[in-house]
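Each chain, written out:
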Amino acid sequence: IRESATLTRDVLEQHFNDLKGTLKKLLDERLMSLLQEVDAIEQESIKPLDECQKLIEHGVSTADDLLREGESAVHGDVGQQNEKLCSFTKKALHIQLDSLPEVPSLVDVPCLSAQLDDCLLTILKNQIFRHGTVASRPPVQLEEFIEKPGGILVRWCKVDDDFIPQDYRLQYRKSTASHFEDVYVGSETEFIVLHIDPNVDYQFRVCARGDGRQEWSPWSVPQIGRTTLVPHEWTTGLEGYSLSSRRNIALRNDSQSCGVLYSKAPTYFCGQTLTFRQVLSGIETVGQPDRRDSLGVCVEQQNGYDSLQRDKAVCISTNGAVFVNGKEMTNQLPAVTSGSTVTFDMEVVQLGPSSNEGGNFKLRVTISSNNREVVFDWVLDQCCVSLYFGCSFSYPGWKVLVF
């Protein structure tokens with residue numbers, strides 16, 4: 001409580017200090033704009049009046065000069081009197097002493113003033129008093145962490161009944177990192193975070209955005225999640241496939257070589273969910289399908305086969321056919337296309353001898369694809385709780401992510 005209260009105080013103080021600086025800057029900018037407007041009106045309005053004043057002063061000065069010249073002509077010598085009077089008369093005839101420039105009336109002359117609406121303070125006061133809230137609990141909280149091979153399934157839930165979420169935002173960071181990073185933004189309430197190092201602590205937090213809102217809610221209480229399961233990896237070195245740097249994505253390349261690409265180790269355990277996802281390759285579509293194509297699991301690696309449609313394996317073909325120990329089932333799933341997700345779930349349902357079915361180990365298998373699933377029992381002659389996974393494609397362009 002004390003830690004979150006201290007952090008909240010720091011956030012509030014920083015936010016309102018930033019607001020003060022921003023408001024002062026905006027007020028200074030507005031003041032400067034209004035002062036410049038006053039200067040512009042003053043300069044524009046005073047110019048014609050200044051010109052009018054100059055004309056009047058020039059006329060008065062000319063009349064004054066003419067008056068002095070007339071006085072000089074009257075009081076001068078008799079010999080020069082006629083000449084000066086003649087010159088005075090000519091100038092007087094050419095100067096229009098009875099004309100003045102048009103002077104605007106007083107009501108037409110601008111008279112500047114400032115109109116300052118005091119209601120701004122009222123509006124600001126009301127907005128400021130409503131600005132910001134303090135929440136004792138975030139509206140969403142992290143609910144569950146489920147270990148996945150090389151990943152963690154994170155689930156969260158809404159804890160505020162009055163809050164209507166539109167989107168969620170999940171972030172995480174390694175225990176040694178200083179900054180969180182976004183890993184998911186969307187409307188779902190769970191997400192599988194991949195590329196997680198096993199036996200390493202990761203910190204997670206989630207927030208939400210209310211319906212019709214732009215701002216995000218406060219963050220949930222950060223929680224630690226980890227996985228002890230090593231990531232699924234494809235085996236390197238098979239000529240027909242190219243692998244990603246983390247070896248969890250396999251791309252069927254242009255090589256003529258074909259065969260089954262297996263996992264590096266039997267990392268799929270009963271009770272877990274194994275997921276294959278078709279992702280776009282550079283050609284933006286999946287490769288050409290073939291009846292031998294397969295995605296599935298097997299008891300052991302067996303070289304020399306070009307498909308998982310064999311003994312001690314269960315798989316689905318790209319056309320949706322399901323094979324158990326090499327035999328096609330009557331039930332069929334939708335065809336595998338770009339973006340399709342295929343999942344395998346298995347659980348042990350029987351141990352010990354079973355003479356009726358010829359085996360002593362039975363697994364309940366559920367294969368799901370495109371919102372449809374098939375469920376069946378897979379009978380084996382040996383105890384097996386960890387399995388290999390594999391894939392085989394006859395034509396290039398198929399790209400499979402496993403997790």
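Being a predicted model, the structure only gives us computed values, none of them experimental.

What counts and how
- Residues numbered from 1 in each chain as written.
- Predicted model: local features only at pLDDT ≥ 70, side-chain atom pairs only at ≥ 80, totals over all residues.
- Heavy atoms only, no water.
- Helix = DSSP H or I, 4+ residues; strand = E, 2+ residues; numbered from the N terminus.
- Expected span 1.5 Å × (residues − 1).
- Bend = angle between axes of the 7 residues up to and from the residue.
- Buried < 20%, exposed > 50% of the residue type's maximum accessible area, 1.4 Å probe, protein only.
- UniProt positions renumbered as here; feature names shortened; annotations may be inferred.
- 1 Å grid on protein atoms, 1.4 Å probe; cavity = no way out; pocket = protein on both sides within 12 Å on 5 of 7 lines; lining within 4 Å.
- Points joined across faces, edges and corners; volume = space filled by probe spheres on them.
- Nonpolar A, V, L, I, M, F, W, Y, C, P; charged D, E, K, R; others polar.
- Polar contact = N/O pair within 3.5 Å; in protein donor to acceptor, adjacent residues only side chain to side chain.
- Contact = heavy atoms within 4.5 Å.
- Domains from an automatic or database assignment.
- Salt bridge = Lys/Arg side-chain N within 4 Å of Asp/Glu carboxyl O.
- Patch = residues over 30% accessible without salt bridge, like charges linked within 9 Å, V, L, I, M, F, W, Y side chains within 5 Å.
- Areas by Shrake-Rupley, 256 points an atom, 1.4 Å probe, with all protein chains shown as cover.
- Pairing = 2+ DSSP bridges.
- Axes fitted to C-alpha atoms, helices over the stretch in contact; angles between N-to-C directions.
- Phe/Tyr/Trp six-rings, centres within 6.5 Å; stacked < 30°, edge-to-face > 60°.
- Lys NZ or Arg CZ within 6 Å of the ring centre and 35° of its normal.

Trainee: Residue-level account of helix α1 (residues 2-75), with values.
Mentor: Taking 1.5 Å as the rise per residue, α1 with 74 residues should run 110 Å; its terminal C-alpha atoms sit 106 Å apart, in good agreement. The largest bend along α1 measures about 30° and falls at I46, with the proline P48 one to four residues further on. Buried within α1 are the following residues: C52, L66, G70 and A73.

Trainee: Describe the UniProt feature "coiled-coil region" (unreviewed entry) in the protein, naming the residues involved and giving the relevant values.
Mentor: As annotated in UniProt, the feature "coiled-coil region" (unreviewed entry) corresponds to residues 9-44 in the numbering used here. For the annotated span residues 9-44, helix accounts for 100% and strand for 0% of the residues, and the straight-line distance between the end C-alpha atoms is 52 Å.

Trainee: Give me empty space enclosed by the protein: which residues, what numbers.
Mentor: Using the criterion set out here, one finds one cavity of 30 Å³ or more in the structure. Here the largest cavity defines a volume of roughly 50 Å³. Looking at the largest cavity, the residues that line it are C258, G259, R292, D293, D306, S392, F393 and S394. Tallied by class, residues from the lining of the largest cavity come to two nonpolar, three polar and three charged.

Trainee: Can you lay out the side chain of S392 for me, pointing to particular residues and giving the numbers?
Mentor: Summarising the element assignment, S392 is placed in strand β20 (residues 386-392). Among the polar contacts made by the side chain of S392, one reaches the main-chain carbonyl oxygen of R292 at a distance of 3.5 Å. A distance of 2.7 Å separates the side chain of S392 from the side chain of S294, its partner in a polar contact. With residues up to four places along the chain from it excluded, the contact list for S392 reads Y241, G259, V260, R292, D293, S294, D306, S307 and L308.

Trainee: Give a description of the domain arrangement of the protein that names residues and reports values.
Mentor: Domains assigned within the protein are domain 1 (1-130), domain 2 (140-227) and domain 3 (241-402). In this structure, domain 1 and domain 2 have C-alpha centres spaced 64 Å apart.

Trainee: How would you explain the pattern of salt bridges if you had to name every residue and give the values?
Mentor: Close approach of charged atoms lets side chains of opposite charge pair. Applying the stated criterion across every chain, the model contains 16 salt bridges. Two residues, K264 and E233, come together in a salt bridge whose shortest N-O distance is 3.7 Å. Of this pair, K264 sits in the loop between β10 (261-262) and β11 (268-269) while E233 sits in the loop between β7 (223-225) and β8 (241-243), and the two are 31 residues apart along the sequence. Since its relative accessible area comes to 14%, E233 is described here as buried.

Trainee: Outline the layout of surface pockets, supporting the account with residue identities and numerical values.
Mentor: Taken as a whole, the largest pocket holds about 1,800 Å³ of empty space. What lines the largest pocket is a set of 41 residues, and nearest its centre among them are T8, A135, S217, P218 and W219. Elements with a minimum of two residues in the lining of the largest pocket: α1 and β6 (202-210). Looking at which element gives the most residues to the lining of the largest pocket, the answer is α1, with nine residues. In the lining of the largest pocket, the residues fall into 19 nonpolar, 14 polar and eight charged. Built from parts of two domains, the lining of the largest pocket gets at least three residues from each of domain 1 (1-130) and domain 2 (140-227). Approximately 770 Å³ is the volume attributed to the second largest pocket. Lining the second largest pocket we find 21 residues, and of these R30, L31, L34, Q115 and L116 sit closest to its centre.

Trainee: If you had to explain helix α3 (residues 119-130) to someone new, which residues and values would you point to?
Mentor: Helical periodicity: at 3.6 residues per turn, an α-helix aligns residues three or four positions apart in one direction. The terminal C-alpha atoms of α3, which comprises 12 residues, lie 17 Å apart, in line with the 16 Å expected from a rise of 1.5 Å per residue. Residue G132 follows α3 closely and has a positive phi angle near 85°.

Trainee: Before we move on, can you summarise the side chain of Q203 with the specific residues and values?
Mentor: Residue placement: Q203 occurs in strand β6. Here the side chain of Q203 touches R173 through a polar contact of 2.7 Å, side chain to side chain. When residues no more than four places from it in sequence are discounted, the contact partners of Q203 are Q171, Y172, R173, F180, P222, Q223 and I224.

Trainee: Explain a nonpolar patch on the surface residue by residue, including any values.
Mentor: Judged by side-chain polarity, L120, L124, I128 and F129 come together as a nonpolar surface patch covering roughly 410 Å² of accessible area. Note that L120 resides in helix α3.

Trainee: I'd love a proper account of the sheet that holds strand β1 (residues 140-148), names of residues and values included.
Mentor: Pairing in this open sheet of three strands is antiparallel, and the strands run β1-β2-β5 from one edge to the other. Two strands lie at the open edges of the sheet, namely β1 and β5 (190-193), each paired on one side alone. The mean inter-strand angle of the sheet, taken between neighbouring strand axes irrespective of direction, is 20°. Pairing between β1 and strand β2 (residues 151-158): eight bridges, direction antiparallel. Its bridge partner being in β2, V140 is matched across the sheet by K158.

Trainee: Give a detailed account of the packing of aromatic side chains, specifying residues and quantitative values.
Mentor: This structure, assessed with the given rule, holds 11 aromatic pairs. Ring centres of Y184 and F191 lie 4.9 Å apart, and the angle between their planes is 25°; on these two criteria the pair is classed as stacked. You can call Y184 buried: its relative accessible area is 14%. Among the residues examined, F191 registers a relative accessible area of 25% and is labelled partly exposed. Grouped by ring-pair contacts, the aromatic residues F145, Y172, Y202 and F204 constitute a single cluster. The ring of F180 has R205 sitting right over it, with the charged end atom 4.1 Å from the ring centre. Sitting over the ring of Y241, R252 keeps its end group 5.5 Å from the ring centre.

Trainee: Now, about the sheet that holds strand β3 (residues 165-174): what can you tell me, with residues and values included?
Mentor: Sheet architecture is open: four strands sit in the order β4-β3-β6-β7, paired in antiparallel fashion. The open sheet terminates on both sides in strands that have one partner only, identified here as β4 (181-186) and β7. Each adjacent strand pair in this sheet contributes to an overall mean axis angle of 30°, direction not counted. Pairing of β3 with β4, which is carried by five bridges, proceeds in the antiparallel orientation.

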